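So you can see what is in the structure, the chains are spelled out below.
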Amino acid sequence: MNFDESLEEAEIRAEIRTFLDANATLKTGTETDWSRGPVDDSEEAARAYMERCRSWQKVLHENGWAGITWPKAFGGRGDSAAVSVLFGQEASKYDVTAGFIAAVQSLVGPPIMRHGTAEQQARFLPGLLDGSVNWCQLFSEPGAGSDLAALSTRAVRDGDSFIVNGQKVWNTQAQFADWGILITRSDPDAPKHKGITFLLVDMKTPGIEVRPLVQATGQAHFNEVFFNDVVIPVENVVGEINEGWAVTRTVLSSEAGMIGSGAGGSNGFEGVLALARKYGRTNDHDIRLRLADAYARERMLQLLGLRMQSFILNGRGNPPDPSVMKNFMVQAAEKRYDLALALEGADGMLDKVDAPQNGFWQSVHMGQFGSRIGGGTNEVHRNMIAERALGLPRDVQPDKGLPWKDILKA
Ligand SMILES: Cc1cc2nc3c(=O)[nH]c(=O)nc-3n(C[C@H](O)[C@H](O)[C@H](O)COP(=O)(O)OP(=O)(O)OC[C@H]3O[C@@H](n4cnc5c(N)ncnc54)[C@H](O)[C@@H]3O)c2cc1C
């Protein structure tokens, strides 16, 4: 591939740098960088971090850098994904992030743009773009995760409304959300992919209860959300009633597209190398092998990322399969974080408060388990590699074509 930048790309990069220099400061690579995440595990710290992310989104919006790939008709810049890649490369050097807002824009924007009514687009897209309205994704249930179409949260039509009852789980930032995208079972007699209705729900509606779930890291990143006779107007249906799976697929494909190379940064190779130096282990034979392994994996991920970028920037070459990227990224992180805790030795066993670097490595080590699951589990991505890339026979689907109500439930 050609690593040289075109004149046009260089001009855009310079424009991005000018904006960032005027509105942000460079990362220091230390604990003082707010963009690393909440300062501790408390709800106040999570809220303060979310507010900083919102402030940055406001700056992006005021300066015309929000929604780089969104069509101009919906308030975006109407630029290509290539400009987004360039912006991401430059912004990663500065102490800024839009955090979860960037994720929800990719999850909530496309279904409303593609399947929503003109009224829904006018009502919901501006607040999503400037970060003034917080959103969450209400998809997974205790009995429906990888097999999402098995969902059982019921929506029963009652005049101009649906009455919703059921439970969702693992809903990131639902405790701070103003609105949610919600998928419901509206026709139990239809096969599982039919009979689903996609709704937009005001999280302040009576009957919604949000219960934060505390993870092994000590943070409450996601929640359980209970629906008890929640009344949602029919005008909040996105797409057709009972045809919500098509809308859901728009969300899921955007989610898959968010999976990046994930290489580098303070939890990358440079971070573990610094740790090896700090603990005087760089002459240890076993540690040297593990450092070399961490370096090679990070480099391979960067090269896979470059292949992806080359495809996005120039439309050249074959982009790597996102499932391969996701699984490789997770495996590389797993080995790196194990190495970091091995380097810390007895310090690695300390509680977060007493551990080195404020428990930074303990936190990322615990957090890796979420990465193996979120955005599709490693096993499900391996199935996709088998079917999509290797052309192996499809997984068995014993419930195919059966009415949802007749499918055996756990
Ligand atoms: C960090 C994080 C953030 C999340 N945020 C949200 C959110 O905001 N909103 C939301 O709705 N959900 C969210 N989720 C939930 C996520 O989408 C689900 O956890 C995921 O889809 C897996 O579902 P599950 O947990 O029910 O596991 P299950 O689907 O029950 O899987 C259990 C085990 O079985 C394996 N398995 C399942 N099916 C197959 C198969 N066909 N072949 C081989 N193995 C299989 C899995 O790999 C896994 O090991 C989040 C999850 C995480 C970790």
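These numbers were taken from a predicted model, which means no experiment stands behind them. (Residues numbered from 1 in each chain as written. Predicted model: local features only at pLDDT ≥ 70, side-chain atom pairs only at ≥ 80, totals over all residues. Heavy atoms only, no water.)

Draft legend 1. Examining the side chain of S161 more closely. Note on placement: S161 falls in strand β3 (residues 161-172). Setting aside residues no more than four positions away along its own chain, S161 makes contact with V156, V231, I232, P233 and V234. (Helix = DSSP H or I, 4+ residues; strand = E, 2+ residues; numbered from the N terminus. Contact = heavy atoms within 4.5 Å.)

Draft legend 2. Broad picture of the packing of aromatic side chains. Evaluated as defined, the whole model comprises 13 aromatic pairs. For the ring pair F124 and W135, a centre distance of 5.7 Å and an interplane angle of 75° mean the geometry is edge-to-face. Linking F124 in helix α5 (residues 118-130) with W135 in strand β1 (residues 135-138), this pair joins segments that are 11 residues apart in sequence. Per residue, the accessibility class of F124 equals that of W135, and both read buried. In this structure an aromatic cluster arises from ring pairing among F19, W56, W65 and F87. The side chain of R36 reaches across the aromatic face of F360, ending 4.2 Å from its centre. The lysine or arginine in question, R77, covers the ring of W65, its NZ or CZ lying 3.7 Å from the ring centre. (Phe/Tyr/Trp six-rings, centres within 6.5 Å; stacked < 30°, edge-to-face > 60°. Buried < 20%, exposed > 50% of the residue type's maximum accessible area, 1.4 Å probe, protein only. Lys NZ or Arg CZ within 6 Å of the ring centre and 35° of its normal.)

Draft legend 3. Molecular detail of helix α4 (residues 100-115). Given a rise of 1.5 Å per residue, 16 residues ought to cover 22 Å, and the 23 Å separating the end C-alpha atoms of α4 matches this to within 8%. Maximal helix bending in α4 amounts to about 25°, located at V108; proline P110 follows within four positions. Looking only at α4, the buried set comprises I101, A103, V104, Q105, L107, V108, G109, P110, P111, I112 and M113. (Expected span 1.5 Å × (residues − 1). Bend = angle between axes of the 7 residues up to and from the residue.)

Draft legend 4. Representation of the domain arrangement of the protein chain within the structure. Domain assignment breaks the protein chain into domain 1 (7-98), domain 2 (135-244) and domain 3 (259-389). Using C-alpha coordinates to define each centre, domain 2 is positioned 33 Å away from domain 3. (Domains from an automatic or database assignment.)

Draft legend 5. A look at the packing of α4 against α5. Across the interface, α4 lies against α5 with an axial gap of 10 Å and an inter-helix angle of 165°. One way to sum up the angle between α4 and α5 is to call them roughly antiparallel. The handedness of the crossing between α4 and α5 comes out as left-handed. Here V104, Q105, V108, G109, I112 and M113 of α4 lie close against α5, whose contacting residues are Q120, Q121, F124, L125, L128 and L129. (Axes fitted to C-alpha atoms, helices over the stretch in contact; angles between N-to-C directions. Parallel < 35°, antiparallel > 145°, perpendicular 65-115°, else oblique. Left-handed = near helix turned anticlockwise from the far one by under 90°.)

Draft legend 6. Structural context of the pairing of β1. Here β1 shows a buried face lined by W135 and Q137 and a second buried face lined by C136 and L138. The pairing of β1 with strand β4 (residues 179-185) spans four bridges and is parallel. Its bridge partner being in β4, Q137 is matched across the sheet by I181. (Pairing = 2+ DSSP bridges.)

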